[in-house]
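# Structural characterization, general
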Amino acid sequence: MDILSQHPYAFLGSRLKRLAEQLQTDASLLAEQTGTYVTPGLFPILALLEGKSHLTVGELSRAINISQPAMTKSVAKLAEAGLVLIRKDDADKRQSLVALTDAGKTAVAQGQKVVWPLLDSLLRELIGDVPGSFIDHIEALEHRLAEQSLTERAARRRALDLRPAAEADVSAVVSLLNRAYRGHGAEAGWTTEAGLIDGERISEATLRQEIQDKPHATLLVWQPKDQIEGCVWLEPGAEDTWYLGSLAIAPQRQNQQFGRRLLAAAEGWILARGGRTVKMTIIEARDTLLDWYERRGYRRTGETEPFPVSDTRFGISTQPGLTFAVLTKSLVQ
């Protein structure tokens, strides 16, 4: 029951607030994905300060038409994030002057270049074909955002083109997995398991055997040019749940957002084939990788699985008691 939509005019303020919070949260997540960390709803303040030596809190509040106490709180949040600097006016100590820091200028530049055009495009896509009244537009926005958030829509646009691996790709995929997961020194990416597991991540013989034993599974590869630079293993299971494993991006391509684009493409592949839930296992000691997947919407189930110490095909544990955390994500909102 949605009481707000049942009384579209009487409760319009509450409904708009709900919609605004969802849009601001999505906008914040999209900004984070570009490396821009701005609290939801505070970008307009940064935009007002762009190109100016400073503005007073009063000038900012009047420009956005909110109360001065509310603006004071917002400016304090930006200062805490290191995006603005606040100082007292030498001529009038009652006034606070607000100016962008270098980090704030970078955030504005990133917003103008990437975040704001992307949001503009996504919102036009959401309601561009909706006829009717203002209330109709609000209802359409709510329904379409419930089906797929702005961050999911943006990920869909950025998804990589994947193809099923061929026999001739096995050697390149094995090399990629070993570099991504067991690389050392200059060849190591942030996904490396060095220090936890020694030995090969996988051999050609093992991968070929996995493909042969699991014909229902699919090994997908990303090959932007001559070389394979990404891969992921997808395996359908019971109750529309698919297992996702061996997701890897070449170390030289890491930290360029290709991992999240590969993940989005894999999820799209699963969804297109009737899958509704994704399951994966991550070594519990790998906090950074677990955090990365949790930011992509995966949640720990509380279940764990032991590391297969006796099976050395996928490496040899160098720490006792390694366990896998089980994570899942629903692809259907």
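You'll find the structure just up there.
Described in the following lines is the structure provided in the data block. What you see is a predicted model, and the numbers here were worked out from it, not measured in a lab. (Residues numbered from 1 in each chain as written. Predicted model: local features only at pLDDT ≥ 70, side-chain atom pairs only at ≥ 80, totals over all residues. Heavy atoms only, no water.)

### Thoughts on the overall build of the protein chain
Helix and strand counts for the protein chain come out as twelve helices and twelve strands. Dimensions of the protein chain, computed from the C-alpha atoms along their principal axes, are close to 75 × 50 × 40 Å. Here the contacts in the protein chain between residues at least 6 apart in sequence split such that 62% fall between residues at least 24 apart. If you sum the accessible surface of the protein chain, you get close to 17,800 Å²; carbon and sulfur atoms cover 51% of it. A distance of 6 Å separates the average location of the 39 positive side-chain charges in the protein chain from that of its 42 negative side-chain charges. (Helix = DSSP H or I, 4+ residues; strand = E, 2+ residues; numbered from the N terminus. Contact = heavy atoms within 4.5 Å. Areas by Shrake-Rupley, 256 points an atom, 1.4 Å probe, with all protein chains shown as cover. Lys, Arg positive; Asp, Glu negative; His and termini not counted. Charge placed at Lys NZ, Arg CZ, Asp CG, Glu CD.)

### Description of the nonpolar core
Leu46, Leu49, Leu60 and Val84 are the most contacted members of the largest nonpolar core, which totals 34 residues. Of all the secondary-structure elements, those providing two or more residues to this core are helix H2 (12–33), helix H3 (43–49), helix H4 (57–64), helix H5 (68–80), strand E3 (96–100), helix H6 (102–127), helix H7 (134–147) and helix H8 (150–158). At seven residues, the largest contribution of residues to this core is made by H6. Sequence-distant contacts of Leu46, that is, excluding residues within four places in its chain, are made with Val38, Leu78, Leu83, Val84, Leu100, Ala107 and Val108. Membership of the second largest hydrophobic core comes to 28 residues, among which are Leu263, Met280, Leu289 and Ala325. (Core = buried A, V, L, I, M, F, W, Y, C linked by side-chain atoms within 4.5 Å. Buried < 20%, exposed > 50% of the residue type's maximum accessible area, 1.4 Å probe, protein only.)

### Considerations on H2
Helix length check: H2 (22 residues) gives 32 Å between terminal C-alpha atoms against 32 Å at 1.5 Å per residue, within 8%. Along H2, the residues that are buried comprise Leu12, Arg15, Leu19, Asp26, Ala27, Ser28, Leu30, Ala31 and Gln33. Remark: Gly35 follows H2 within two positions and exhibits a positive phi of approximately 85 degrees. (Expected span 1.5 Å × (residues − 1).)

### Quick look at the packing of helix H9 (residues 170–182) against helix H10 (residues 204–213)
Contact pair H9 / H10: the axes reach a minimum separation of 9 Å and the direction vectors enclose 115 degrees. It follows from the interaxial angle that H9 and H10 lie roughly perpendicular. Viewed along their axes, H9 and H10 form a crossing whose handedness is right-handed. Listed contacts from H10 to Val170, Ser171, Val173 and Val174 of H9 are Glu204, Leu207, Arg208 and Ile211. (Axes fitted to C-alpha atoms, helices over the stretch in contact; angles between N-to-C directions. Parallel < 35°, antiparallel > 145°, perpendicular 65-115°, else oblique. Left-handed = near helix turned anticlockwise from the far one by under 90°.)

### Observations concerning the packing of aromatic side chains
Taken as a whole, this structure holds five aromatic pairs when the rule is applied. Seen in terms of ring centroids, Phe43 and Trp116 are 5.3 Å apart; in terms of plane orientation they differ by 80 degrees. Their pairing is edge-to-face. Placement of Phe43 in helix H3 and of Trp116 in helix H6 is noted, with a sequence separation of 73 residues between them. Since its relative accessible area comes to 13%, Phe43 is described here as buried. Both rings, one in Trp292 and one in Tyr293, keep their centres 4.9 Å apart while their planes meet at 90 degrees; by these two values the pair is edge-to-face. One exposure class covers both Trp292 and Tyr293, and it is buried. Through a chain of ring-to-ring contacts, the aromatic side chains of Trp292, Tyr293 and Tyr298 assemble into a single cluster. Sitting over the ring of Tyr181, Arg201 keeps its end group 5.0 Å from the ring centre. (Phe/Tyr/Trp six-rings, centres within 6.5 Å; stacked < 30°, edge-to-face > 60°. Lys NZ or Arg CZ within 6 Å of the ring centre and 35° of its normal.)

### Considering a nonpolar patch on the surface
Taken together, the side chains of Met1, Ile3 and Phe11 present a nonpolar region at the surface, about 370 Å² in accessible area. Residue placement: Ile3 occurs in helix H1 (residues 3–6). Since its relative accessible area comes to 41%, Ile3 is described here as partly exposed. (Patch = residues over 30% accessible without salt bridge, like charges linked within 9 Å, V, L, I, M, F, W, Y side chains within 5 Å. Salt bridge = Lys/Arg side-chain N within 4 Å of Asp/Glu carboxyl O.)

### Structural notes on the sheet that holds strand E1 (residues 55–56)
One open sheet holds the three strands; their spatial order is E1-E3-E2, and the pairing between them is antiparallel. Each edge of the sheet is formed by a strand with only one pairing partner; in this case those strands are E1 and strand E2 (84–88). With five bridges connecting them, E2 and E3 associate as antiparallel partners. Each residue of the ladder has a partner; that of Lys88, found in E3, is Ser96. Where H5 meets the sheet, it contacts E2 and E3, and its direction lies at approximately 120 degrees from that of E2. (Pairing = 2+ DSSP bridges.)

### Remarks on the sheet that holds strand E10 (residues 299–306)
Taking strand neighbours across the sheet as the criterion, the seven strands line up as E4-E6-E7-E8-E9-E12-E10 in an open arrangement whose pairing is mixed. Each having just a single partner strand, strand E4 (163–164) and E10 make up the two edges of the open sheet. Against the sheet, H9 makes contact with strand E6 (218–222), strand E7 (230–236) and strand E8 (241–249), and its axis sits at roughly 80 degrees relative to E8, the strand it touches most. Across the sheet, helix H12 (residues 287–295) touches E8, strand E9 (277–283), E10 and strand E12 (323–330), and the angle it forms with E9 is around 165 degrees.

### Some points on the pattern of salt bridges
Per the counting criterion, the structure on display carries 13 salt bridges. Notably, a salt bridge pairs Glu142 with Arg15, separated by 2.6 Å at the nearest N-O pair. Of this pair, Glu142 sits in helix H7 while Arg15 sits in helix H2; the two residues are 127 residues apart in sequence, bridging distant segments of the chain. Accessibility classification places Glu142 together with Arg15 in one group, the buried group. Each member of the salt-bridge network shares a partner with another, and the members are Asp2, Arg15, Arg18, Glu139 and Glu142.

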